[in-house]
Amino acid sequence: LRKPIIAIDGPAGAGKSTVTRRVAKALNLTYLDTGAMYRGIAWLVLNSGISIEDESAIAELVSQADLEFIPSSDDQPPQVIINGENVTNAIRTPQITALVSPISAYAAVRQKLVNYQQKLGKLGGIVAEGRDIGTNVFPDAEVKIFLTASVQERARRRLLDFQDQGQDNLDLQQLEREIEQRDYQDSHRTLAPLRKASDAIELNTDDLTVEKVVNKIVHFCQINE
Ligand code: C5P
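To start, this report covers the structure provided alongside it. (Residues numbered from 1 in each chain as written. Predicted model: local features only at pLDDT ≥ 70, side-chain atom pairs only at ≥ 80, totals over all residues. Heavy atoms only, no water.)

Once that is clear, we can look at the side chain of T148. When you line up the elements, T148 lands in strand β7 (residues 143-148). Given the relative accessible area of 11%, T148 is considered buried. The residues contacting T148, other than those within four sequence positions of it, are P11, A14, E202, L203, N204 and T205. (Helix = DSSP H or I, 4+ residues; strand = E, 2+ residues; numbered from the N terminus. Buried < 20%, exposed > 50% of the residue type's maximum accessible area, 1.4 Å probe, protein only. Contact = heavy atoms within 4.5 Å.)

What follows is the structure, encoded as structure tokens:
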């Protein structure tokens, strides 16, 4: 029996990571963080010295790259390993965050990662978060969720995350601008742009706690069984 696939898409900062991780845990399925893979490729490009405008050099670099995604176990986040190097922490810097949207728009990058994600999802049993999971990677997913929140709320959450990590030199308005810019880039690219699948359930999380959101999604999954 093939296990289900749950697709969770949405813009930056809507709470996808926390929610997806918890839904996976609640349903005893594997958590697939596709954003981490795009971040891994951005890290690779940044460290190669190749210009982010040089699409053909990036395509060549990516075609030769060895990418490994190891799902989370216990309290370990999923590990991203590129050409033998564990980049799990290195992909979370603001520099990578700024680079990842333009790099993830390239066809060679998307092709490689979508293939890899589809391979990982062959047997089902995953909860995947991203931008194009319900529309492109797993169009037949059993449950599709489109998670949103206002730009203001998303920036506020990002600020709290940074403060938790001991960084208190960030400006709320600057974060709002960065989020708006990434939303724009992700939803206006030609290939698999960020958008709600026609059969996805949209959940605005502005006034919902993480627990409420997780419970709602788990509930949708149980109805669907
Ligand atoms: O979710 P996260 O913020 O880690 O994603 C980083 C970036 O990776 C997104 O802004 C987007 O440009 C890209 N991405 C994508 N398709 C996905 C997941 C992420 O293009 N399925």
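Near the ligand, the surroundings consist of 14 residues, among which R39, R110, D132, R182 and D186 are the closest. Residue R39 places a side-chain N or O atom 2.7 Å away from an oxygen atom belonging to the ligand. Within the contact set of the ligand, an oxygen atom lies 3.0 Å away from a side-chain nitrogen or oxygen of S104. Considered on its own, the ligand offers 460 Å² of accessible surface; in the complex 96% of this is hidden by protein. Mapped by element, the contributors of at least two residues to the shell around the ligand are α2 (34-48), α4 (94-104) and α8 (172-188). The element contributing the most residues to the shell around the ligand is α2, with 4 residues. Looking at side-chain class alone, the shell around the ligand contains 2 nonpolar, 5 polar and 7 charged residues. (Near = heavy atom within 4 Å. Polar contact = N/O pair within 3.5 Å; in protein donor to acceptor, adjacent residues only side chain to side chain. Areas by Shrake-Rupley, 256 points an atom, 1.4 Å probe, with all protein chains shown as cover. Nonpolar A, V, L, I, M, F, W, Y, C, P; charged D, E, K, R; others polar.)

A separate point is unusual backbone geometry. One non-glycine residue, N28, adopts positive backbone phi at about 60°. Note on placement: N28 falls in the loop between α1 (16-27) and β2 (30-33). One non-glycine residue, N83, lies in positive phi territory at about 45°. For N83, the position within the fold is in the loop between β4 (79-82) and β5 (85-86). According to the relative accessible area criterion, N83 is partly exposed, its value standing at 46%.

With that settled, the discussion passes to the nonpolar core. Within the largest apolar cluster, 35 residues are counted, with the highest numbers of intra-cluster contacts made by V80, V109 and F138. A total of 8 residues in this core trace back to one element, the largest contributor, which is α2. Counting residues in each nonpolar core, the second largest holds 18 residues, with I6, A14, A24 and L147 among its members. (Core = buried A, V, L, I, M, F, W, Y, C linked by side-chain atoms within 4.5 Å.)

Before going further, it helps to examine the side chain of D183. You can see D183 is positioned in helix α8. Apart from the residues lying within four places of it in its own chain, the contact partners of D183 are P11, A12, V151 and R154.

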